[in-house]
Every structure is written in structure tokens, then in C-alpha cells.
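One letter stands for each residue in the lines below.
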Amino acid sequence: MECMAIQKRIAYVTGSRADFGLMQSVLDAIREKNELSLGLFVAGEHLSDIHGQSGDEVKRAYSEAVVLSAMLEGDTPEHHARYLAALQNALTERFIASRPDAVLVLGDRGEQLITAVTATYLRIPIFHLHGGELSSTIDNAARFTIGRLAHMHLPALESAAARLRATGESPERVRVVGAPALDRIRTMTWPSRNELFARLGLDPARELVFITQHPSTETAEQAGEEMRIVLEAAARLGRQVLVVHPHLDPGGSSMLGALDAFRQRSDFRFVSNLSHPDFLAVARESLVWIGNSSAGVIESAGLGVPVVNVGPRQQGRERGVNVVDAEIDVESIAVAVERVLNDADFRARVAERKSPWGNGRTGETVASLLAEMDLSSLIHKSFDFPV
């Protein structure tokens, strides 16, 4: 009688709609591998009414997902510190009980840093996706701190991989896998414009401006005014506008307050949350995408949508030819929008949908690595610093 091989237990912690949508292709690929089993944990913004209880979306897709007693209850630094402390306590107990063989960590959010710290002290190997990139917020520090702790690096870009190797990470532990967000763009069945817009209360006959603006940690006290500037710039375009609520980072509440002044304007629609497929579909159908989210830099190139990236939040992050930068100023945004709408050469390059972020097969690549590698051998890590 044949014995069934023991599956490797792979854990992932999702704290917001942003990381969950990006990671779904990886999570699905893990589920599909006979050698692997998935342990999924839900916390943070997912449990917030402000973001439409996006944890319900996670549970619908993954009935095995476990909700942790760690909720982000406000947008101050104190709220964040208390939330992350609660998350570490809850996660420690869950990891002790479930004993994962490896933990996946994505990018740079607070939940991902706490997951990496917890795994480090429980001696669980850490696989880090989207490491080695640059941006200008506190996420930059978190991303490189996770990199110091990670046992296997799965960056999206060769430039990020080179940065990791230059900081002492062993070349054998750095594998470029692309950005998982592109997987869904490659495989998704797209809704019709009429179907999508009807669902969101939009007019399919009118051009759409899409806005995803989030607070920057370093300028949290100006976040509300920054949102007002972006909305005012969008209002001047004379098109219908769809705005997604910002993250609950410091400054998020004042941004939500800034939205109130525009809620009665007939051209504006506001949503607390969009499923990742709808998020991508809206972006794809938009005349222009305005804001400072990483999605506007990463996913947008593969969607063929021009982006006006506002302010310094994504400073240093690689982007496609479809992205034009603007200052946090109504006139600067207007100039950038004018270019993306009327520069024929620019629009032709955008239409080619060339992306520097990979081939849309990250999920299956990551799952295959997890299935094939001897995970227990990774826990002993050293750095390759030059003498």
C-alpha cells in the first residue's frame, strides 16, 4: 500500500484588498499543487467597514481562510502600532499550532513585516515577493527590512534582484519571477463595458477617469489636501470619475473627509472596495488613471491605460512607458493629463501594452519552486558581503 507524500504547508497573511488581489494567482497555484497545502490568514483592513468588509471576499474565494483577532481600527500611527502588536500575538499562536513549512511575504506593508518577524523567531523559512524595489514611504524601510529576514527572494524585476545581491543576499537565493498581478491580466475573462459600468452605476457612453490616491506616511498631515487637489484636477476634465477609498494609513481619515465635498457632484462615484477583477477591468476601460498607487505603476502597463502618477509616493519604482509623473498640484496634473490624452506618439506606445514586470506566470513559477525546493535547508542564512 502506497503512502501519501506529506504536503508542505505554505502560509500567507493578507491584511488588505491590495495584497490579496495581487497574490491570488500564487495562492491558487499553491492549492493546485499536490505537494503543497495552503494556510491563509486574514486581518487588518479586510475587517473594516470602511473598506466594505473585503475579508468576506477572501472567505468566499478560500473557505479555509482563518480570520485573526487583529483589526486596524483607525489611521493614526498609534492605531497601526497597536494593530501590528495584536497581529503578531495572534499570528504567533496560529503559526505554533499549524507549523507551516514556509511563509510567503509580499512587498512591504506592515502585516508583511510582522509576518516576517514572527516567522524568523519561529524558524520558518520566508519567501519574499516584490523585494528589492524602491519607493519613498515607510514601506521602503519595511521592504528592505523584510529582505534582511527573508530566506528566499522572489523579486519581480532584474533591477530589484541586482539590488538585493548588492546588499549581500546570496545569488543562489534570488530568483526573478515577475509581478503576480500580471497573471490575472493574462488569464482573465473581461466583462463587457456595459456590464461593468451598470454594476458600478457608471454611464458606458461617457469617458471615465479612475482615481486611486493614498496617503504617504511622510506627508500624512497633508493627505486630505492632497486628495482635494487630485479630485479638483479630475473635476476639471468634465468626465465621469470613479474614486476608490484610500488605505487606512496615517492620513487616510482626512482623505475620506476630502471626498465628502465631492459626493454630491453628479460626475463622481465613490466605492469603498472593488474586487481585483473589477479593479483591473475599470482601469482597462478608463480614459486615464490618476493617483499614487503602486497598481498605477505595475498593473497599468499590461492594461494599456495611460497613468498620471501624482506626487513622490512611487518615486524610484520602475514603471512602463504609460506612466507620466505630476506634482501634487492641479495645474501640474492638468499638464500631465493633456499629454497622455493628446500626445499621439505617447498613446501609440501605451497601446503596445509592453510591461517590464514579467510574463504573467508568476503564480505557477512560485508554486513550482516551493514544491521542488528543500525548504528545511533554507533556514540557515548567511550574507555575501565583500571583504
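An account of the accompanying structure is given in this report. (Residues numbered from 1 in each chain as written. Predicted model: local features only at pLDDT ≥ 70, side-chain atom pairs only at ≥ 80, totals over all residues. Heavy atoms only, no water.)

Things to note about the overall build of the protein
Then comes step 1: Secondary structure assignment for the protein yields 15 helices and twelve strands.
Then comes step 2: Relative to its 387 residues, the protein shows a buried fraction of 56%.
Then comes step 3: Of all intrachain contacts in the protein linking residues separated by at least 6 positions in sequence, the fraction that spans at least 24 positions is 69%.
Then comes step 4: By element, 51% of the accessible surface of the protein is carried by carbon and sulfur atoms, the whole surface being about 16,000 Å². (Helix = DSSP H or I, 4+ residues; strand = E, 2+ residues; numbered from the N terminus. Buried < 20%, exposed > 50% of the residue type's maximum accessible area, 1.4 Å probe, protein only. Contact = heavy atoms within 4.5 Å. Areas by Shrake-Rupley, 256 points an atom, 1.4 Å probe, with all protein chains shown as cover.)

Brief notes about the sheet that holds strand 2 (residues 36-42)
Then comes step 1: One open sheet accounts for six strands, arranged 3-2-1-4-5-6; its pairing is parallel. Edge positions in the sheet fall to strand 3 (66-67) and strand 6 (152-154), since each has one partner strand and no second.
Then comes step 2: One ladder, built from four bridges, connects strand 4 (residues 102-106) with strand 5 (residues 126-129); its direction is parallel. By the bridge assignment for strand 5, Leu106 is matched with Leu129.
Then comes step 3: Along the sheet face, helix 1 (residues 17-32) touches strand 1 (8-14), strand 2, strand 4 and strand 5 and points at about 170 degrees away from the line of strand 1.
Then comes step 4: Relative to strand 5, helix 5 (residues 138-149) is tilted by about 145 degrees, and along the sheet it contacts strand 4, strand 5 and strand 6. (Pairing = 2+ DSSP bridges. Axes fitted to C-alpha atoms, helices over the stretch in contact; angles between N-to-C directions.)

What to know about the packing of helix 8 (residues 193-200) against helix 11 (residues 276-284)
Then comes step 1: Running from N to C, helix 8 and helix 11 cross one another at 115 degrees; their axes reach a closest spacing of 11 Å. Regarding the angle of helix 8 to helix 11, the classification is roughly perpendicular. Helix-helix and strand crossings are classified by hand; for helix 8 and helix 11 the assignment is left-handed. Contact with helix 8, carried on its side by Leu196, Arg199 and Leu200, involves Asp278, Ala281 and Val282 of helix 11 and no other residues of that element.
Then comes step 2: Looking at the contact of helix 8 with helix 11, its residues break down into four nonpolar, no polar and two charged. (Parallel < 35°, antiparallel > 145°, perpendicular 65-115°, else oblique. Left-handed = near helix turned anticlockwise from the far one by under 90°. Nonpolar A, V, L, I, M, F, W, Y, C, P; charged D, E, K, R; others polar.)

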